[in-house]
Amino acid sequence: MPGFVDLHCHILPGLDDGAVDVGDSLAMARRAAADGIETICATPHIRADHDVRIEQLPERVETLNAALAHAGIAVTVVTGGELGAERFPMLSDDELRAISLGGGGRWILLEPRPGPMDDALEETVEALHARGFRAVIAHPERHAGADAAERLAAVVRRGALVQATVEFLYEGGAAPVLAAWAGAGLVHLVGSDAHTSRAGRPAAVSRGLGALLAVPAVSPHIDWVARDGPRAVVAGEDVTPPF
Ligand SMILES: [Fe+2]
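All of these numbers come straight from a predicted model, not from anything done at the bench.

Calculation notes
- Residues numbered from 1 in each chain as written.
- Predicted model: local features only at pLDDT ≥ 70, side-chain atom pairs only at ≥ 80, totals over all residues.
- Heavy atoms only, no water.
- Pairing = 2+ DSSP bridges.
- Helix = DSSP H or I, 4+ residues; strand = E, 2+ residues; numbered from the N terminus.
- Axes fitted to C-alpha atoms, helices over the stretch in contact; angles between N-to-C directions.
- Contact = heavy atoms within 4.5 Å.
- Core = buried A, V, L, I, M, F, W, Y, C linked by side-chain atoms within 4.5 Å.
- Buried < 20%, exposed > 50% of the residue type's maximum accessible area, 1.4 Å probe, protein only.
- Right-handed = clockwise from strand over helix to strand, strands pointing away.

**Student:** What is the right way to read the sheet that holds strand S2 (residues 37–42) from this model?
**Tutor:** Where strands meet in a sheet, backbone hydrogen bonds hold them as pairs that are either parallel or antiparallel. In spatial order, the strands read S1-S2-S4; together these 3 strands make up an open sheet with parallel pairing. Only two strands of the sheet have a single partner each, and these edge strands are strand S1 (4–9) and strand S4 (76–78). Sheet twist, expressed as the mean angle between neighbouring strand axes with direction ignored, is 25°. Against the sheet, helix H9 (residues 222–234) touches S1 and S2, its axis set at about 55° to S1.

Listed below in structure tokens is the structure:
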């Protein structure tokens, strides 16, 4: 079932700690296309330790799309960003719109502060909401304290969606934890969080979707997780998960 969206990918070349050059970006896109991905959100780190100029992002995405077309790779890259929670208060509404997933103007991929999720995450989700945006929580498995499920439930009640890293859905100690969270309605979307074609997590989502298909509460809604949900997010629509 093709037509996937990768909501979290560091595919823009030479920008953050993602793709090192255009060749690397094209290799990531080829891998994504082979996996059935049609759309990739370019989500460079918006964080103090990376010099990413938000105003340059549309042109960088356009340049990469031209290179993809030239190489005959049937993937479209759209704008986005992975916003470090601590950086959020410094951004204007225009800047938030510019890094919204797909440029849809609504959904912000929010990276929790380092360490376990705490009250600050809920406060940031609420503050985003107050400014007309909604949060997609990035890789919660990397911020899992003892009360992680309760923390996630709290932000989901406030209208946030949760994005799991694909690789951790099928590999390592986080997989059963993520399956349990998904079963409780606390994982809605996936992203590769790929950084390069040369090592680490591939720019692919299908194996993670397969793992979610095995979660009984999610399996009837797998088309929503794979396509309808992420497409609505990049379109900037108001999304309510069906599970
Ligand atoms: Fe990331």
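Structure shown, so let's carry the discussion forward.
**Student:** Explanation requested: the nonpolar core in the structure shown.
**Tutor:** Most often, soluble globular proteins have nonpolar side chains that are buried together. Among the nonpolar cores identified, the biggest contains 78 residues, and Ile11, Leu83, Leu96, Ile99 and Leu110 are the most heavily contacted of them. Per element, the largest residue contribution to this core is 7 residues, and it comes from H9. Leave out the neighbours within four places in its chain, and leucine 110 touches Leu83, Ala85, Leu121, Thr124, Val125, Leu128, Ala135, Val136, Ile137 and Ala138.

**Student:** What is the right way to read unusual backbone geometry from this model?
**Tutor:** Both trends apply: most residues other than glycine have a negative phi, and most peptide bonds are in trans. Although it is not a glycine, histidine 139 adopts a positive phi angle of roughly 25°. Within the secondary structure, histidine 139 is located in the loop between strand S7 (134–138) and helix H5 (148–157). Under the relative-accessibility criterion, histidine 139 is labelled buried at 0%. With a phi angle near 50°, aspartate 193 is a residue other than glycine that sits in the positive phi range. Looking at the element boundaries, aspartate 193 is found in the loop between strand S9 (189–191) and helix H8 (206–213).

**Student:** Would you explain the pairing of strand S6 (residues 107–111) in this entry?
**Tutor:** Along any regular strand, the residues point their side chains to alternate faces of the sheet. Extensive coverage of S6 is indicated by the burial of 5 of its 5 residues. The two faces of S6 match: Trp107, Leu109 and Glu111 on one face and Ile108 and Leu110 on the other face are all buried. Bridge count between strand S5 (residues 82–84) and S6: 3 bridges; the pairing is parallel. Looking at the pairing, glutamate 82 lines up with leucine 109 of S6. With 4 bridges connecting them, S6 and S7 associate as parallel partners. Considered in S7, the bridge of tryptophan 107 is made with arginine 134. Each parallel crossover has a hand, and for S6 linked through helix H4 (residues 119–130) to S7 it is right-handed.

What is shown is where atoms sit, not what they do.
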